[in-house]
Amino acid sequence: MANVLIRDLPDEVHTALQRQARQSGRSLQQYLAAELRRLAERPSINDLFDRIERHEGGQVGLGRAVEDLVDERSRT
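Thresholds applied
- Residues numbered from 1 in each chain as written.
- Predicted model: local features only at pLDDT ≥ 70, side-chain atom pairs only at ≥ 80, totals over all residues.
- Heavy atoms only, no water.
- Helix = DSSP H or I, 4+ residues; strand = E, 2+ residues; numbered from the N terminus.
- Rg over C-alpha atoms; globule rule 2.2 N^0.38 Å.
- Buried < 20%, exposed > 50% of the residue type's maximum accessible area, 1.4 Å probe, protein only.
- Areas by Shrake-Rupley, 256 points an atom, 1.4 Å probe, with all protein chains shown as cover.
- pLDDT = per-residue confidence, 0-100.
- Salt bridge = Lys/Arg side-chain N within 4 Å of Asp/Glu carboxyl O.
- 1 Å grid on protein atoms, 1.4 Å probe; cavity = no way out; pocket = protein on both sides within 12 Å on 5 of 7 lines; lining within 4 Å.
- Points joined across faces, edges and corners; volume = space filled by probe spheres on them.

The next subject is the overall build of the chain. Broken down by element type, the chain carries four helices and zero strands. Taken from the N to the C terminus, the helices and strands of the chain come in the order α-α-α-α. At 20 Å, the chain has a C-alpha radius of gyration far larger than the 11 Å of a compact globule built from 76 residues. Here the C-alpha coordinates of the chain stretch approximately 50 × 35 × 25 Å along the principal axes. Classification of the 76 residues of the chain by burial places 4% in the buried group. By element, 51% of the accessible surface of the chain is carried by carbon and sulfur atoms, the whole surface being about 7,200 Å².

Listed below in structure tokens is the structure:
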């Protein structure tokens, strides 16, 4: 297995991660390994857009959906 070293992590971030690990009943190493695994398995936004563009049979295209979303957000 590979190792990862993170330098210059702010103390408040380290403290928060330790607290979250403790609350989940895991060591910091176990907690971070699980979180990194979850992050690596999650598709990127570009992957999601690629999937959407390849999807067929929808009522509107991606471009139109984005335009509609921008219009809707500008009203609020």
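Now that the structure has been shown, we can carry on.
As a further point, take the confidence of the model for the chain. Put simply, the chain has an average pLDDT of 90, and 96% of its residues get 70 or more. Mean pLDDT values over the elements of the chain span from 85, in helix α3 (residues 45–54), up to 98, in helix α1 (residues 11–23).

Turning next to the pattern of salt bridges. For the structure on display, the rule yields two salt bridges. Taking the shortest distance from any N to any O, the salt bridge between Glu-35 and Arg-38 comes out at 2.8 Å. Placement of the pair is Glu-35 and Arg-38 together in helix α2 (residues 28–41), with a separation of three residues, close to one helical turn. Residue class for Glu-35 comes out partly exposed when judged on its relative accessible area of 25%.

Of the volumes computed, that of the largest pocket is approximately 630 Å³. Together, 16 residues line the largest pocket, and Val-4, Gln-29, Leu-32, Ala-33 and Leu-36 are the ones closest to its centre. At the level of secondary structure, the elements contributing two or more residues to the lining of the largest pocket comprise α1 and α2.

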